[in-house]
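Understanding the architecture of this molecule
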Amino acid sequence: MNAPGQPRIRGPRATAPLSPLDPRINAWRPGLADVALAGRVSVSHYAAPVLRMVTATTAPLHAAPDPASALVSELFHGEVFAVLEDERGWAWGQAADDSYVGYVPTAALGPVARADAGTKEARVGPGDALVFLAPALKAPSLVTLPALSRLIVGEASSDFLEVAAGPHTGRFVHRRHLIGPEPASDAVAHALRFLGSPYRWGGRTRSGIDCSGLVQVALRLAGQPARRDSDMLFADAGPDVRPAERARGDIVWWPGHIGLLVDSQTLLHANAFWMTVVAEPLADVEARIGAAPQCRRPRPAIA
């Protein structure tokens, strides 16, 4: 039985953006859907999710099971992915952190690492983290993990913490490369770390990042909830801000583009005009786009 007011959707995989069944953040497509949507979308098959974890440094999230398809997002090391189908080297499902739906190469996934007695979950940040061969500054580093990567580590007995689960078990990370119990709440300061990073559609790291990826990562590093796309980020933000009241940290949005204010007149954003992350006069961006933006203040960080 359908819940009152929730008709089952049939036919092509399309629905209004930000609707209750937005396919970007609800796992359904022709012929297959998450069993949790069984009362709301009509397809021939439903599947219960199987949780997997990104074991690669990052994993691309594609629009289709094809490496040439559009990159819709990027998953961090340690991020949990709910797999609903695994065929021909591609896993289709949903990211646990921000609910984004897409296809991930199966080879990038492995068992979920979990904390147990004497270990804890940690997130890389505010910058990237080096994984060291030994707990020493002069030890070789094996890989660089991007900010917001997830690790299971032992308790700190020195400046280094041993990785306790996952593909880097027995290696070490420095405690200053991990987010502390009280993360810095200035999202702009986090976003400024990405200055000069190349623009890449779907990217979320210093190797390449898009406009909504920059805002999402910066807000998350500041302890604020943040979904993936520009319309979602703006919809979830706080009250509207008038031009005379704009201030550092406010979210500036046009349909299809988003950034953060460094101050009332300077926009920090990843953009395809400069093909990089830049801070430039907001008036210059308005002139290029040919329209004034809307502006909102982010909601407070989660305690």
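First, a word on what this report is: a plain description of the structure on this page. What you see is a predicted model, and the numbers here were worked out from it, not measured in a lab.

**Some details on the sheet that holds strand β2 (residues 32–34)**
With mixed pairing, the 3 strands of this open sheet are ordered in space as β1-β2-β3. A single partner strand is all that each edge strand has here, and the edge strands are β1 (28–29) and β3 (45–47). Note: β1 against β2, 2 bridges, orientation antiparallel. When the sheet's bridge partners are listed, W28 is paired in β2 with A33.

**Points about the packing of aromatic side chains**
Going through the model one piece at a time under the given rule, you end up with 4 aromatic pairs. When the ring of F132 is compared with that of F160, the centres are 5.5 Å apart and the planes differ by 90°; the resulting orientation is edge-to-face. Within this pair, whereas F132 is found in strand β12 (residues 129–132), its partner F160 is found in strand β15 (residues 160–162), the two being separated by 28 residues in sequence. Residue F132 is classed as buried on the basis of its relative accessible area, which comes to 7%. The interplanar angle of 10° and the centroid separation of 4.8 Å between the aromatic rings of F234 and W253 together place this pair among those described as stacked. Of the two residues, F234 sits in helix α3 (residues 230–236) while W253 sits in strand β19 (residues 251–254), which places them 19 residues apart along the sequence. We note that F234, like W253, is buried. For the cation-ring pair, R29 lies above W92, with the distance from its terminal atom to the ring centre recorded as 4.6 Å. A cation over an aromatic ring shows up here: R296 above the ring of F234, its NZ or CZ 4.1 Å from the ring centre.

**Regarding empty space enclosed by the protein**
Evaluation of the coordinates by the stated rule reveals 1 cavity of 30 Å³ or more. Computed from the structure, the largest cavity encloses a volume of approximately 40 Å³. Contributing to the lining of the largest cavity are M53, H77, G78, A113, R150, L151, I152, A165, G166 and P167. Per-class residue counts for the lining of the largest cavity are 6 nonpolar, 3 polar and 1 charged.

**A word on the side chain of R204**
With respect to the secondary-structure elements, R204 resides in strand β17 (residues 204–205). Look at R204 and you get buried, because its relative accessible area is 3%. There is a polar contact of 2.8 Å between the side chain of R204 and the side chain of Q216. When near neighbours in sequence (up to four residues on either side) are disregarded, R204 contacts S73, E74, L75, F76, E79, D98, F194, I209, G213, Q216, V217 and R228.

How each quantity is defined
Residues numbered from 1 in each chain as written. Predicted model: local features only at pLDDT ≥ 70, side-chain atom pairs only at ≥ 80, totals over all residues. Heavy atoms only, no water. Pairing = 2+ DSSP bridges. Helix = DSSP H or I, 4+ residues; strand = E, 2+ residues; numbered from the N terminus. Phe/Tyr/Trp six-rings, centres within 6.5 Å; stacked < 30°, edge-to-face > 60°. Buried < 20%, exposed > 50% of the residue type's maximum accessible area, 1.4 Å probe, protein only. Lys NZ or Arg CZ within 6 Å of the ring centre and 35° of its normal. 1 Å grid on protein atoms, 1.4 Å probe; cavity = no way out; pocket = protein on both sides within 12 Å on 5 of 7 lines; lining within 4 Å. Points joined across faces, edges and corners; volume = space filled by probe spheres on them. Nonpolar A, V, L, I, M, F, W, Y, C, P; charged D, E, K, R; others polar. Polar contact = N/O pair within 3.5 Å; in protein donor to acceptor, adjacent residues only side chain to side chain. Contact = heavy atoms within 4.5 Å.

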